[in-house]
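Descriptive analysis of the structure
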Amino acid sequence: MAQVKAVSAYCVLRTYFGGATAWAPRASALSTEQVTRLRPDRATDAAAHLLPDDVDKALFAALAVDGRSSLRVLAEATGLSTSAVQRRLEHLRAAKALYFDVDIDTAALGYPTQAMFWLSVPPSELANVGTELAEHEEIAFAAATTGATNLAAIVGCRSIDDLYHYIEARLGAIPAVRHMETAPIIHQYKRAGNVLGAPPR
């Protein structure tokens, strides 16, 4: 695109908060105990031994286009029956190779003010600060990254005033934070994207 003048791209090394856990405390009406009782027991190390085959890849591709695809649509994409697709999905979820997440409009939860943060901390403090950020209720995403800074975060606040107090009182109380850049999120054109591309035809 002719309008793009520069691009910077960095690698996410470790996610401390986000993905399947993002905004769960604000989005759930259930207690931690209730969530635990509803969640089925799943294998903890099966994903390490899972080698996705062509059917799995077709499923991932179809779900990347529309995570709400019906079993019928997924069956058409993979050539399996709907019952076979359901069993395959259960297997992938049990192996933790697949999870479903809800893309939430944070403004609907009362957090219309969002901002991105780029933080610099000593490498020896990276895990400690990342874990501490993950405990902040304002945090929607926190991760260690490559680049000029080594921590990236997205926060949601109820107002600009609350954003100021978060910076001053919460981030300001972390001694290891040596440098910080902040950018308000003015408008979101797209949230979770199509990562794997369209399913094969």
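Residues numbered from 1 in each chain as written. Predicted model: local features only at pLDDT ≥ 70, side-chain atom pairs only at ≥ 80, totals over all residues. Heavy atoms only, no water.

What follows is about helix 6 (residues 126–134). Within helix 6, the full set of buried residues consists of Leu126, Val129, Gly130, Leu133 and Ala134. One side of helix 6 holds all its buried residues, which, seen down the axis, span an arc of 140°. In this structure, the buried side of helix 6 is in contact with strand 1 (12–17), strand 2 (113–120), strand 3 (139–145), strand 4 (151–157) and helix 7 (160–170). (Buried < 20%, exposed > 50% of the residue type's maximum accessible area, 1.4 Å probe, protein only. Helix = DSSP H or I, 4+ residues; strand = E, 2+ residues; numbered from the N terminus. Arc of directions from axis to C-beta. Contact = heavy atoms within 4.5 Å.)

To continue, consider the packing of aromatic side chains. Considering all chains together, one arrives at one aromatic pair under this definition. One cation-aromatic arrangement involves Arg158 over Tyr111; the distance from NZ or CZ to the ring centre is 4.5 Å. (Phe/Tyr/Trp six-rings, centres within 6.5 Å; stacked < 30°, edge-to-face > 60°. Lys NZ or Arg CZ within 6 Å of the ring centre and 35° of its normal.)

Turning to the packing of helix 4 (residues 71–78) against helix 5 (residues 82–94), a few remarks are in order. Here helix 4 crosses helix 5 at 95°, and the two axes come no closer than 9 Å. When the axis of helix 4 is compared with that of helix 5, the two are roughly perpendicular. Only Thr82, Val85, Gln86 and Leu89 of helix 5 make contact with helix 4, whose side of the interface consists of Leu71, Arg72, Leu74, Ala75 and Thr78. Across the contact of helix 4 with helix 5, the residue classes break down as five nonpolar, three polar and one charged. (Axes fitted to C-alpha atoms, helices over the stretch in contact; angles between N-to-C directions. Parallel < 35°, antiparallel > 145°, perpendicular 65-115°, else oblique. Nonpolar A, V, L, I, M, F, W, Y, C, P; charged D, E, K, R; others polar.)

Our next topic: helix 5. Helix length check: helix 5 (13 residues) gives 18 Å between terminal C-alpha atoms against 18 Å at 1.5 Å per residue, within 8%. Within helix 5, the full set of buried residues consists of Ala84, Val85, Leu89 and Leu92. One side of helix 5 holds all its buried residues, which, seen down the axis, span an arc of 135°. Among the structural elements, helix 3 (54–65) and helix 4 are those in contact with the buried residues of helix 5. The first or second residue beyond helix 5 is Lys96, which carries a positive phi of 60°. (Expected span 1.5 Å × (residues − 1).)

The next point concerns the pairing of strand 4. Counting buried residues in strand 4 gives six out of seven residues, a clear majority hidden from the surface. Two strands pair when backbone bridges link them, and strand 2 and strand 4 are joined in this way by seven bridges, in the antiparallel orientation. By the bridge assignment for strand 4, Gln114 is matched with Gly156. Taken together, the five bridges between strand 3 and strand 4 define a ladder with antiparallel strand orientation. Note that in strand 4 the partner of Ala144 across the bridge is Leu151. The turn joining strand 3 and strand 4, which pair antiparallel and follow one another in sequence, is formed by five residues; a positive phi near 115° is taken by Gly147. (Pairing = 2+ DSSP bridges.)

By the criterion of burial, strand 3 is predominantly enclosed, with six of the seven residues buried. Bridge analysis of strand 1 against strand 3 gives four bridges, and the strand direction is antiparallel. Pairing of Val12 across the sheet is with Thr145, part of strand 3.

Here we take up the sheet that holds strand 3. Pairing is antiparallel across the open sheet formed by five strands, whose spatial order is 1-3-4-2-5. What marks the edges here is a single partner per strand, and that holds for strand 1 and strand 5 (179–184). Going across the sheet, the axis of each strand differs from the next one's by a mean of 20°, ignoring polarity. Lying over the sheet, helix 6 contacts strand 1, strand 2, strand 3 and strand 4, oriented at roughly 40° with respect to strand 1.

Here we come to the pattern of salt bridges. According to the stated counting rule, one finds five salt bridges in the structure shown. Among the salt bridges present, the one from Asp66 reaches Arg68, with a minimum N-O distance of 3.6 Å. On the basis of relative accessibility, which here comes to 31%, the residue Asp66 falls in the partly exposed class. We classify Arg68 as exposed; its relative accessible area is 77%. (Salt bridge = Lys/Arg side-chain N within 4 Å of Asp/Glu carboxyl O.)

Further remarks concern the packing of helix 3 against helix 4. Where helix 3 meets helix 4, the axes come as close as 9 Å, and the angle between the chain directions of the two elements is 130°. In this view, helix 3 runs oblique relative to helix 4, as classed from their interaxial angle. For helix 3 against helix 4, the interelement crossing comes out right-handed. Side by side, helix 3 and helix 4 meet where Val55, Ala58, Leu59, Ala62 and Leu63 of the first sit next to Leu74, Ala77 and Thr78 of the second. Along the lines of polarity and charge, the residues of the contact of helix 3 with helix 4 split into seven nonpolar, one polar and no charged. (Left-handed = near helix turned anticlockwise from the far one by under 90°.)

None of this, on its own, says anything about what the molecule does.
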